[in-house]
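Spelled out, the chains give:
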Amino acid sequence: MSDMDKQPSASTLPEAESADVALQHIIDGFMHFRHEVFPQQEELFKKLATAQRPRAMFIACADSRIVPELITQSAPGDLFVTRNVGNVVPPYGQMNGGVSTAIEYAVIALGVQHIIICGHSDCGAMRAVLNPQTLEKMPTVKAWLRHAEVAKIVVEDNCHCANETETMHVLTQENVIAQLQHLRTHPSVASKMASGHLFIHGWVYSIETSEILAYDAEQDCFRALDGAGPLPVATPKSRF
Ligand code: ZN
């Protein structure tokens, strides 16, 4: 078995709680929110009760370790979030699913000015793209991840990666670039980008270090999002 075939086995995962204990944690959390947190932010929730004006749309992986509001220190109402396995955006016309619907709603109805696609380190979806044989019993995941296949081919054909760690790193970045390209096939996105009213961003977040690398379309590379220098953006210049 090569390194690439290694999958997390039951023995490498943290020990699972019983179903009852797991649910009790969630209920306890809700009780704490309701009685301790909510009263402190009541004004905000009153304002949000009838309207939202999010700053950005955030497309992230469903992975439990990625919490968009936490890593961007956003409050309720700030981010319009859609999450799925592999932070995938199906190209327009291929699928009228949840992601396409959320994009259209965010751009047209909510008028968001930024869409951020955020991949992450140690992504199980990316590992599955590299090892499709692990998806035999998951036909739906397999079909969904076909939207990430382009990234795999780009990496296989062009990157002479030294090991699986490097392949995963490059694949995760290439997947973000592929999904940015898919995003631009959506008419609502293409139109607002052409007129300079919408900006798109491709990020990769590191779970271990908290660093974010952002795609810079002008320099065609990923740069650290560290506040230094011009902000890396994936948006080409507007035409109108
Ligand atoms: Zn993931």
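Just above sits the structure.
Residues numbered from 1 in each chain as written. Predicted model: local features only at pLDDT ≥ 70, side-chain atom pairs only at ≥ 80, totals over all residues. Heavy atoms only, no water.

Visitor: When you look at the pattern of salt bridges in this model, what are you seeing that I'm missing?
Guide: A pair can form between side chains of opposite charge whenever their charged atoms are brought close. The full count for this structure, using the stated rule, is eight salt bridges. Notably, a salt bridge pairs E164 with R127, separated by 3.7 Å at the nearest N-O pair. Taken together, the residues E164 in helix α8 (residues 164-183) and R127 in helix α5 (residues 124-130) connect sequence positions 37 residues apart. Residue D216 is joined to R223 by a salt bridge in which the shortest nitrogen-to-oxygen separation is 2.8 Å. One connected set of salt bridges, linked through shared partners, spans D63, R65, D122, R127 and E164. (Salt bridge = Lys/Arg side-chain N within 4 Å of Asp/Glu carboxyl O. Helix = DSSP H or I, 4+ residues; strand = E, 2+ residues; numbered from the N terminus.)

Visitor: Looking at this model, I keep getting lost on the sheet that holds strand β5 (residues 212-216). Mind explaining?
Guide: Through backbone hydrogen bonds, the strands of a sheet pair up, either in parallel or in antiparallel fashion. The strand order across the open sheet built from six strands is β2-β1-β3-β4-β5-β6, with neighbouring strands paired in mixed fashion. Whereas interior strands pair on both sides, the edge strands pair on one side only; in this sheet they are β2 (79-84) and β6 (221-224). Along the sheet, successive strands turn relative to each other by an average axial angle of 25 degrees, direction set aside. Where strand β4 (residues 199-205) and β5 come together, three bridges link them in antiparallel fashion. Looking at β5, one finds that W203 is bridged to A214. Across the sheet, α8 is in contact with β3 (114-120), β4, β5 and β6; its angle to β4 comes to roughly 160 degrees. (Pairing = 2+ DSSP bridges. Axes fitted to C-alpha atoms, helices over the stretch in contact; angles between N-to-C directions. Contact = heavy atoms within 4.5 Å.)

Visitor: Got a minute to help me understand the state of the cysteines in this structure?
Guide: Chemically, a disulfide is nothing more than a covalent bond linking the sulfur atoms of two cysteines. If you walk through the whole model with that rule in mind, you get one disulfide. Here C159 is linked by a disulfide to C161, with a sulfur-sulfur distance of 2.2 Å. Given an S-S torsion of about 105 degrees, the disulfide between C159 and C161 has right-handed geometry. What makes C159 partly exposed here is its relative accessible area of 21%. Its sulfur unpaired, C221 is 15 Å from the next cysteine sulfur, which belongs to C159. (Disulfide = S-S within 2.5 Å. Buried < 20%, exposed > 50% of the residue type's maximum accessible area, 1.4 Å probe, protein only.)

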